[in-house]
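Residue-level listing of the chains:
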Amino acid sequence: MKKIEAIIRPFKLDEVKIALVNAGVVGMTVTEVRGFGRQKGQTERYRGSEYTVEFLQKLKVEVVVEDSQVDLVVDSITKAARTGEIGDGKIFIYDIDQVIRIRTGEKNLEAI
């Protein structure tokens, strides 16, 4: 099993969710996060004053899938989240040793 974490632009969430459901993903976790990469923040104006936003708002989407689904899920996220501009985000893939559903005690693929 693999855990796929995608850091995406907030306005792309609906497109990514639809793409993941179409790829067969049955559940996901979404968290609001802040950070910066190549964008290194951005300059904005508020009431005539200019200031720099150093940490940009993003969303982290997390899914756990079978190894055979990884390429399809990564491709789906990439296509749905891409704008072609700096700041589109990143995808991280981790190995998962074990999953346990707390309510039933089911393990691994049965627990997903």
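Everything that follows concerns the structure shown earlier in this document.
Quantities reported herein were computed from a predicted structural model and do not represent experimental measurements.

Participant: Please explain unusual backbone geometry as it appears in this structure.
Facilitator: Across the chain, the bulk of peptide bonds are trans and the bulk of non-glycine residues have phi less than zero. Residues other than glycine seldom take positive phi values, yet Asn108 does so here, at roughly 55°. With respect to the helices and strands, Asn108 occurs in the segment after β6 (90-95). The class for Asn108 is partly exposed, based on a relative accessible area of 28%.

Participant: Help me understand helix α1 (residues 13-22) in this model?
Facilitator: Note that an α-helix has 3.6 residues per turn; residues three or four places apart therefore point the same way. Taken as a whole, α1 has its buried residues at Val16, Ala19 and Leu20. Each buried residue of α1 lies within a common arc of 100° when the element is viewed along its axis, so the set occupies one face. Residues Asp14, Ile18 and Asn22 are exposed on α1 and point more than 90 degrees away from its buried face. Contacts made by the buried residues of α1 are with β1 (2-8), β5 (56-65) and α2 (70-81). Positive backbone phi, approximately 95°, marks Gly24, located one or two places after α1.

Participant: Before we go on, may I ask you to explain the sheet that holds β1 in this structure?
Facilitator: Strand order in the open sheet made by the four strands is β2-β5-β1-β6, with antiparallel pairing throughout. Edge positions in the open sheet fall to β2 (29-35) and β6, since each of these has one partner strand only. With direction set aside, neighbouring strand axes in the sheet form an average angle of 25°. Here β1 runs beside β5; their pairing, made up of seven bridges, is antiparallel. Residue pairing for β5: Ile8 is matched across the bridge by Leu59. Its contacts with the sheet put α1 on β1, β2 and β5, and the angle it makes with β5 is roughly 10°. Of the strands in this sheet, β1, β5 and β6 touch α2, which is tilted by about 5° from β1.

What counts and what doesn't
- Residues numbered from 1 in each chain as written.
- Predicted model: local features only at pLDDT ≥ 70, side-chain atom pairs only at ≥ 80, totals over all residues.
- Heavy atoms only, no water.
- Helix = DSSP H or I, 4+ residues; strand = E, 2+ residues; numbered from the N terminus.
- Buried < 20%, exposed > 50% of the residue type's maximum accessible area, 1.4 Å probe, protein only.
- Arc of directions from axis to C-beta.
- Contact = heavy atoms within 4.5 Å.
- Pairing = 2+ DSSP bridges.
- Axes fitted to C-alpha atoms, helices over the stretch in contact; angles between N-to-C directions.

Just geometry here; none of it tells us what the structure is for.
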